[in-house]
Each structure stands twice: as C-alpha cells, then as structure tokens.
Amino acid sequence: MELQQAVNGAAEEEEEVALDVQVTDLLNALIAWKVPDDLFTVSSLKASFESLFRSFDPEVQFQYFRSFRRVRISFRDALAAAEARLRLHKTEFNGKEMRLYFPQSVHIGSPRLEPPKPEKQFLISPPASPPVGWEQSHDATPVINYDLLCAISTLGPGEKYELHTATPTTPSVVVHVCEDEHADGSAAPDSDQEDKPCPPRPKIIQTRRPDYTPRVEQ
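Definitions and cut-offs
Residues numbered from 1 in each chain as written. Predicted model: local features only at pLDDT ≥ 70, side-chain atom pairs only at ≥ 80, totals over all residues. Heavy atoms only, no water. UniProt positions renumbered as here; feature names shortened; annotations may be inferred. Helix = DSSP H or I, 4+ residues; strand = E, 2+ residues; numbered from the N terminus. Buried < 20%, exposed > 50% of the residue type's maximum accessible area, 1.4 Å probe, protein only. Contact = heavy atoms within 4.5 Å. Areas by Shrake-Rupley, 256 points an atom, 1.4 Å probe, with all protein chains shown as cover. Pairing = 2+ DSSP bridges. Axes fitted to C-alpha atoms, helices over the stretch in contact; angles between N-to-C directions. Phe/Tyr/Trp six-rings, centres within 6.5 Å; stacked < 30°, edge-to-face > 60°. Lys NZ or Arg CZ within 6 Å of the ring centre and 35° of its normal. pLDDT = per-residue confidence, 0-100. Core = buried A, V, L, I, M, F, W, Y, C linked by side-chain atoms within 4.5 Å.

Going by the annotation in an unreviewed UniProt entry, the name recorded for the protein chain is Calcipressin-1-like, with Xiphophorus maculatus given as the source organism. Regarding the protein chain, the UniProt comment filed under Function (unreviewed entry) reads as follows: "Inhibits calcineurin-dependent transcriptional responses by binding to the catalytic domain of calcineurin A. Could play a role during central nervous system development." The UniProt entry for the protein chain carries the following text under Sequence similarities (unreviewed entry): "Belongs to the RCAN family."

Enquirer: If you had to explain the overall build of the protein chain to someone new, which residues and values would you point to?
Expert: From N to C terminus, the protein chain includes five helices and seven strands. For the protein chain, the N- to C-terminal ordering of α and β elements is α-β-α-β-β-α-β-β-α-β-β-α. For the protein chain, with 218 residues in total, the buried portion stands at 15%. Relative to all contacts within the protein chain whose residues are 6 or more apart in sequence, the contacts with residues 24 or more apart total 49%. Per element, the accessible surface of the protein chain, about 19600 Å² overall, is 54% carbon and sulfur.

Enquirer: Before we move on, could you go through the sheet that holds strand 2 (residues 61–65) and cite the residues and values that matter?
Expert: Pairing is antiparallel across the open sheet formed by five strands, whose spatial order is 2-3-1-5-4. Of all strands in the sheet, those with a lone pairing partner are strand 2 and strand 4 (91–93), marking the two edges. With strand direction ignored, the average angle separating the axes of adjacent strands in the sheet is 30 degrees. The pairing of strand 2 with strand 3 (residues 70–74) spans five bridges and is classified as antiparallel. Residue Phe62 lies in a different strand from strand 3, and its bridge partner there is Ile73. Running at roughly 135 degrees to strand 2, helix 2 (residues 43–54) makes contact with strand 1 (29–33), strand 2, strand 3, strand 4 and strand 5 (96–101) of the sheet.

Enquirer: How would you summarise the side chain of Glu50 if you had to cite specific residues and measurements?
Expert: When you line up the elements, Glu50 lands in helix 2. Leaving out residues up to four positions away in the same chain, Glu50 has contacts with Phe62 and Tyr64.

Enquirer: I'd love a proper account of the environment of Leu39, names of residues and values included.
Expert: When you line up the elements, Leu39 lands in the loop between strand 1 and helix 2. For Leu39 and Arg66, which are 27 residues apart along the polypeptide, the C-alpha to C-alpha distance reads 9.0 Å. What Leu39 contacts, discounting residues up to four positions off in sequence, is Leu45, Lys46, Phe49, Tyr64, Val71 and Phe93.

Enquirer: So what's going on with the packing of aromatic side chains? Which residues, and what values?
Expert: Enumeration over the complete set of coordinates arrives at eight aromatic pairs. Within the aromatic cluster, the residues linked to one another by ring pairs are Phe40, Phe49, Phe53, Phe62, Tyr64, Phe75 and Phe93. Sitting above the plane of the Tyr64 ring, Lys46 keeps its charged end 4.6 Å from the centroid.

Enquirer: Could you give me a rundown of unusual backbone geometry, with the residues and numbers involved?
Expert: With a phi angle near 55 degrees, Arg69 is a residue other than glycine that sits in the positive phi range. We classify Arg69 as partly exposed; its relative accessible area is 29%.

Enquirer: So, the confidence of the model for the protein chain: which residues are in play, and what are the values?
Expert: This prediction gives the protein chain a mean pLDDT of 75; 70% of its residues lie at or above 70. A low-confidence stretch, residues 1–7 (pLDDT under 50), is modelled with zero contacts involving residues beyond four sequence positions or located in other chains. In the model, residues 13–24 has pLDDT below 50 throughout and makes two contacts with residues more than four positions away in sequence or in other chains.

Enquirer: Account for the nonpolar core, with residues named and values stated.
Expert: Ranked by internal contacts, the top residues of the largest apolar core, which has 21 residues, are Phe49, Phe53, Val71, Ile73 and Phe75. Listing elements by their share of this core, those giving two or more residues are strand 1, helix 2, strand 3, helix 3 (78–88) and strand 5. Examining the composition of this core, we find that four residues originate from one element, helix 3, more than from any other. Apart from the residues lying within four places of it in its own chain, the contact partners of Phe49 are Ala32, Leu39, Phe62, Tyr64, Val71, Ile73, Phe93 and Met98.

Listed below in structure tokens is the structure:
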C-alpha cells in the first residue's frame, strides 16, 4: 500500500513538472493576423474586439500595427494566452476569419559585440599581437633546375623533346619547338630597318566647328 502511494505521488510530481515545463515554454502574448482594416479606425469595432480577450484577462493590453494589419495582445500569464488562442483561433470576427499566433522569440546572445576568437585574429590585416613563441618564417631560396635549363638550351627549331614517356595509363608529354620564320637572313631585314628613318606620325585633324550666325532678337 505504501509502495503504491509512493508510485502515485511520483507520477503526480512528474505530471506537475511536465505541466510547469509546458507553461514556461509558452508566451504570454498573441498576434492577431490580417485583421479587418476597419478595426483601426472604428472605435465600436475596436471595443468589441477587445471585449473578446478581456474575458480571459481583464488587464490585457493591445498594440495595434495598422501597416502590418496585425494586433499584439499581451496577457498577464501564458495560461490566459493559451486559452484565448484555443477558444478564438479561426473564429469569425466582422465577417472574416481571425487567426491568432504566438510571437516568435529571437535570442541574439550577448547585447555587446564580442571580440573575434584568437584563432581567427590571424586573418585581420594588420594582424593583432602574435601568440607566445611565434617567429616570422623566412622565405625559402628559389630552386633552379639546371637540368631543365640545359635541356631547353639544346633544343633547336623544328625539333621535339619528350618530357614524359608514355605509359599504359598515361600519355606522353612532347614539346615541339616552333621554327623561326625569319631564320634565313634575319639580320639583313633588321639592319635595313635600322637604317631607314621612322615615318612621321600622322597629324590628327580636328573636327571643324559649324559656322555661327548671330541673330538679332527684337
């Protein structure tokens, strides 16, 4: 008997805890969505609208947002707001269906702007103070491939050089050296061009302005 009473007491405590969690999760306000336009101008219609919610909470407060066609109804507790939505949601008011929703709460964290994390401060230019033990790295000496330079110097016009031998799975890489178009007697045209004087630059002729005839106004 005592064991059964203890189990029943634990069950009742669990129900109370669950009820408390559900109540605290709800908000003590409602948003009336797409209310009639006459509600913002006609005082009698506004009084009848407010009387619907004062039956659940006599101290309810109303905030009218005409530009959005919405009304915020603030109750003293969440139970009154939940009961009002349960009874009045999707009911007819002034010939239109009234819809009630709970407002969404947005948490943005701290009201102050926090500094960036230390691992992200290296992206700031100029950077912040470096961590302890940081040392500036020196640029490495450039590597010169003399074998490649020697192979390129031995190439002649019209010849080809195989850089990579073909395999069963990869193709070969062959470099073809282009032939010189002025290979024969290339020095002669250059010397002739050096002896010839440079042609004069053409003169830019500007557009002539139209003739202007003054008029005498009487």
